[in-house]
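Now for the letters of each chain:
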Amino acid sequence: MSGRGASRRRPPVHGPRAAAGRPPSAGVNRSTLKSNWALLGPPPRFLYSAGWVLIPLRLFLGFTFCFAGLQKLANPGFFDSSNPISIQQQLAGAARRSPVHALVAPLVHVAVPLGLLIALVEIAVGLGALLGLWTRVAAVGGFALSLMLFLTISFHSSPFYTGSDIVFAFAWTPLILAGSGGALSVDALVANAVRRRAGQGPALVVPIPFSMVRDVCGSYENGACLARRGAPCEPTPCPYLIGRSEAPRDPVETEMDRRTFAAQGSLAAGAALMALLGGGLAAGIGRLAGGASAKAGPSALGVTPTTAPPTTTTSPATQAPTTTSPSKTSPPGSSAPAPTTTTPRPRPAGTAIGAASQVPVGGAGSFNDPKTGDPSLVIQPQKGTFLAFDVVCPHAGCIVEYDTAGKVLVCPCHGSQFNSTTGAVELGPAATGLHRLGVAKGSDGQLYVI
Ligand code: FES
């Protein structure tokens, strides 16, 4: 510290006790204090502690992750392989498109336990952030989960910042670095309780204004410390300047750390149990009350999710249907005539995906494209007219749904909308349309993807 004028005006003060009787603002100009409240000035003093600054982030991440986990458990469709939003179909899609597809492919076979695990980890991570309990561990978990979702689900978002998972991953990093920062957290409560029992004061991080440090420790000039009455400046006697590393590790502190860790571990186990019970309750309520909404989605047709294209059931006796089939190489969302079936033909060439009667007039049925395995929808806008689309959103790979009221295909992730007749984009951020599939109804009442 230096400062010629200031060092002469202020009388030297020795030790922390001398400072204890002084108000924190002693020696600070009133106009300086006033300017602290200006919008462009320094923040209020309590915000000097990272813990308080991180409270809004902890609340948001904690609530969002708890909600995401409970929502997965409460929605029966998440574990129903015939549902386009199911974990099975999302994994099957990631196994084809993800940059880490080789790692994802084996997970398709354990989709249900993996979905369960993801939901429970989301709840545990969310509780950790909300309660400030093992905050760093929770933050590492949240970061890993978000990174995994980025690599498997939203990697192809374009531009990249429209995918939320990459944003979530980086939102966890302040909590990895600072933990809860000791503000409104179970971690701090436990640590202080252990210290109290050991006869120690609370382990608080107190932001001290520079002016106070100078009042207590004095200032020096040309190597002479005013607080030491002109003796050479040396940090050792100054309680604020002495380095922690110079002091040997106190065994009492080591014991307190051990007890703190054990107490926090017990509370974390309790929170995990609560997450398990809450998840079970959400799943039960979801199946009782939310079952109806799961059934309100597209009815499932006969083709089940698969990672390998099944064999096309073409028989020599089949007759080519007269419907128009969009070419795989045609630009998505082109305005070519939609394939319609009004008169049942003898068995068309192609793969049967289920009975046409399963698709309600004005509604949709889900199936997996036999060629690619992608989640797909067949829509019957009018009686006897069938339209089929690969419903993997070209924006970031979410599964597009059919809005029966608006007669439009809507992506739940970022709101892209697609024309339900042509598949063309009506509203971004998707830049290209949905891929149309050829579909025909055979005289046997089955629908065929051709
Ligand atoms: Fe972003 Fe569909 S995934 S709009």
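As shown above, the structure is provided for reference.
This text gives an overview of the structure that appears in the document. (Residues numbered from 1 in each chain as written. Predicted model: local features only at pLDDT ≥ 70, side-chain atom pairs only at ≥ 80, totals over all residues. Heavy atoms only, no water.)

Here we come to the overall build of the protein chain. The number of helices and strands found in the protein chain is 15 helices and 14 strands. For the protein chain, the residues scored as buried account for 40% of the 450 residues in total. Counting contacts in the protein chain only where the partners sit at least 6 residues apart, residues at least 24 apart contribute 64% of the total. Carbon and sulfur atoms form 65% of the exposed surface of the protein chain, whose accessible area is close to 23,400 Å². (Helix = DSSP H or I, 4+ residues; strand = E, 2+ residues; numbered from the N terminus. Buried < 20%, exposed > 50% of the residue type's maximum accessible area, 1.4 Å probe, protein only. Contact = heavy atoms within 4.5 Å. Areas by Shrake-Rupley, 256 points an atom, 1.4 Å probe, with all protein chains shown as cover.)

Moving on to the pairing of strand S5 (residues 364-368). Burial runs high along S5: five of the five residues are buried. Side chains of S5 alternate between two faces, with Ala364, Ser366 and Asn368 and Gly365 and Phe367 buried alike. By the bridge criterion, five bridges tie S5 to strand S6 (residues 375-379) in an arrangement that is antiparallel. Paired with alanine 364 across the bridge in S6 is isoleucine 379. In this antiparallel pair of consecutive strands, S5 and S6, the connection spans six residues, and glycine 373 shows a positive phi of 85°. (Pairing = 2+ DSSP bridges.)

Here the focus is the nonpolar core. With 29 residues, the main nonpolar core has Leu61, Phe65, Leu73, Ile87, Leu91, Trp172 and Leu175 as its most contacted residues. If you list the elements that add at least two residues to this core, you get helix H5 (55-74), helix H6 (87-97), helix H8 (111-131), helix H9 (135-152), helix H10 (164-171) and helix H14 (251-289). For this core, the element with the highest residue contribution is H8, accounting for eight residues. Not counting the four nearest positions on each side in its chain, leucine 73 is found in contact with Phe79, Leu116, Ala119, Leu120, Ile123, Gly279, Ala282, Ala283 and Arg287. Residues Ile379, Cys411, Phe418 and Leu434 belong to the second largest nonpolar core, which totals 17 residues. (Core = buried A, V, L, I, M, F, W, Y, C linked by side-chain atoms within 4.5 Å.)

Inspection of the secondary structure puts leucine 189 in helix H12 (residues 186-197). On a C-alpha basis, the gap between leucine 189 and glycine 132 in space is 9.7 Å, while along the polypeptide they are 57 residues apart.

With that out of the way, let us pick up the pairing of strand S14 (residues 446-449). Where strand S4 (residues 351-355) lies against S14, four bridges are found, and the strand directions are antiparallel. Bridging from a neighbouring strand, alanine 352 pairs with tyrosine 448 of S14. Judged from the three bridges that link them, strand S13 (residues 439-441) and S14 form a sheet pairing that is antiparallel. From the neighbouring strand, lysine 441 faces S14, where its bridge partner is leucine 447.

Quick look at H12 now. Taking 1.5 Å per residue as the helical rise, H12 with its 12 residues ought to reach 16 Å, and the 16 Å between its terminal C-alpha atoms agrees with that figure. Within H12 the residues assigned to the buried category are Val186, Asp187, Ala188, Val190, Asn192, Val194 and Arg195. Phi for glycine 199, located one or two positions after H12, is positive at around 80°. (Expected span 1.5 Å × (residues − 1).)

Time to look at the pattern of salt bridges. Opposite charge on two side chains allows them to pair when their charged atoms are near. Counted according to the given criterion, the structure contains one salt bridge. Between glutamate 122 and lysine 72 there is a salt bridge whose closest N-O contact spans 3.0 Å. Of the two residues, glutamate 122 is situated in helix H8 and lysine 72 in helix H5; the sequence distance between them amounts to 50 residues. Accessibility assignment for this pair places glutamate 122 and lysine 72 in one class, buried. (Salt bridge = Lys/Arg side-chain N within 4 Å of Asp/Glu carboxyl O.)

Turning our attention to the packing of H12 against H14. Relative to each other, H12 and H14 sit at 135°, their axes nearing to 9 Å. It follows from the interaxial angle that H12 and H14 lie oblique. H14 is crossed by H12, and the crossing has right-handed handedness. Residues Val186, Asp187, Val190, Ala191, Val194 and Arg195 of H12 pack against Met256, Arg259, Thr260, Ala263, Gln264 and Leu267 of H14. (Axes fitted to C-alpha atoms, helices over the stretch in contact; angles between N-to-C directions. Parallel < 35°, antiparallel > 145°, perpendicular 65-115°, else oblique. Left-handed = near helix turned anticlockwise from the far one by under 90°.)

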